[in-house]
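# Breakdown of the fold
Below, each chain spelled out in residue letters.
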Amino acid sequence: MESDTLAKRLRECIGDETVSSFARKVGLPEATIRSYLDGKKPVYDKLARIADAAGVSLEWLATGRGQKERKPAPEQDFSAVPYARRLEKIGLLLADMPDQEAAAFLDDVFARARSAAEAAELRRALADLRAEVERLKNRA
C-alpha cells in the first residue's frame with residue numbers, strides 16, 4: 001500500500017523518535033525536517049540522506065512506490081567485478097597511508113559510490129513515474 005504523501009512516509013520513518021533526535025541522526029537541521037513534514041519538497045541529496053539514515057529505499061521515500069526496505073547488496077564474487085584488480089591496488093596503497101588519511105579517502109569513495117547508486121535508483125523511479133503518467137494520459 002502506498003503512503004499518500006512524502007510527509008506521511010517521512011513521519012513513518014521518524015516513528016516514535018522525536019523530530020529533533022531524527023534530525024540529529026540524519027544530520028539535518030530540525031527546521032528542515034519539519035518543513036518537509038509541512039509539505040516542502042526536499043532536494044535530492046537531503047532526501048537521500050534521510051532514506052539512508054532511516055534504512056528505507058530512496059524510491060519508496062520519494063514516491064511511495066516499490067519496496068520500503070532497502071534491498072541488500074547482491075552477493076557477488078569479487079573477482080568478477082570489472083575493477084577488482086584496480087581496487088586491490090588501491091587497497092595496497094591504503095595500507096601504506098596513515099589510518100586517518102586512509103579512512104578519509106575511503107569515506108569519500110564510499111559516499112560517491114552510494115550517491116551514484118542512489119541517483120540511478122532515483123532515475124529509475126522517475127522513468128517509472130513518467131511511464132505511469134503517459135499510461136494515464138493515453139487512458140483519458
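Here we summarise the structure given alongside this text. These figures come from a predicted structure and were not determined experimentally. Residue positions within a chain follow its written sequence, with the count starting from 1. Confidence filtering applies because this is a predicted model: local features only for residues at pLDDT of at least 70, side-chain atom pairs given and counted only at 80 or more, and all residues used for totals across whole chains, interfaces and linings. As a rule here, side-chain values cover all heavy atoms of the structure and leave hydrogens and water aside.

### A look at the overall build of the protein
- Numbering of helices and strands runs from the N terminus; a helix is a DSSP stretch of H or I covering at least four residues, while a strand is a stretch of E covering at least two. Helix and strand content of the protein: seven helices and zero strands.
- In sequence order, the secondary structure elements of the protein are arranged as α-α-α-α-α-α-α.
- Each radius of gyration reported is based on C-alpha atoms, and the globular scaling rule is 2.2 Å times the count of residues to the power 0.38. Radius of gyration (C-alpha) of the protein: 19 Å, far over the 14 Å computed for a compact globule of 140 residues.
- The C-alpha extent of the protein, read off along each of the three principal axes, is 60 × 40 × 20 Å.
- Here's how the labels work: a residue is buried when its accessible area is under 20% of the maximum for its type, exposed when over 50%, partly exposed in between, all with a 1.4 Å probe on protein chains only. Taking all 140 residues of the protein together, 26% fall into the buried category.
- This count recognises Lys and Arg as positive and Asp and Glu as negative, with His and chain-terminal groups excluded. The atom standing in for a charge is NZ when the residue is Lys, CZ when it is Arg, CG when it is Asp and CD when it is Glu. Charged side chains of the protein number 25 positive and 24 negative; the gap between the two group centres comes to 6 Å.

### Some thoughts on the pattern of salt bridges
- By convention in these notes, a salt bridge is any Lys or Arg side-chain nitrogen within 4 Å of a carboxyl oxygen on Asp or Glu. Under the definition given, this model contains seven salt bridges.
- With a shortest N-O distance of 3.3 Å, Arg 114 and Asp 52 are connected by a salt bridge. Of this pair, Arg 114 sits in helix α7 (residues 99–139) while Asp 52 sits in helix α4 (residues 44–54), placing them 62 residues apart in sequence.
- For Arg 114, a relative accessible area of 29% translates into the label partly exposed.
- What makes Asp 52 partly exposed here is its relative accessible area of 27%.
- A salt bridge links Asp 108 to Arg 112; the shortest N-O distance between them is 3.2 Å. Of the two residues, Asp 108 and Arg 112 both sit in helix α7, four residues apart, roughly one turn of that helix.

### Re the packing of helix α2 (residues 19–26) against helix α3 (residues 30–37)
- As a packed pair, α2 and α3 sit with axes 8 Å apart at the nearest point and diverge in direction by 110 degrees. Here α2 is positioned roughly perpendicular relative to α3, judged by the angle of their axes. α2 and α3 meet at a crossing whose hand is right-handed. Here Val 19, Ser 20, Phe 22 and Ala 23 of α2 lie close against α3, whose contacting residues are Glu 30, Ile 33, Arg 34 and Leu 37. Axis definition: a line fitted to C-alpha atoms, over the contacting stretch in the case of helices. Angles run 0 to 180 degrees between N-to-C directions. For classification, angles of less than 35 degrees are called roughly parallel, those exceeding 145 degrees roughly antiparallel, those between 65 and 115 degrees roughly perpendicular, and all remaining angles oblique. Here is the rule for handedness: rotate from the far helix to the near one, and if that takes an anticlockwise turn smaller than a right angle the crossing is left-handed, while a clockwise turn gives right-handed. For this analysis, residues touch if any pair of their heavy atoms sits within 4.5 Å.

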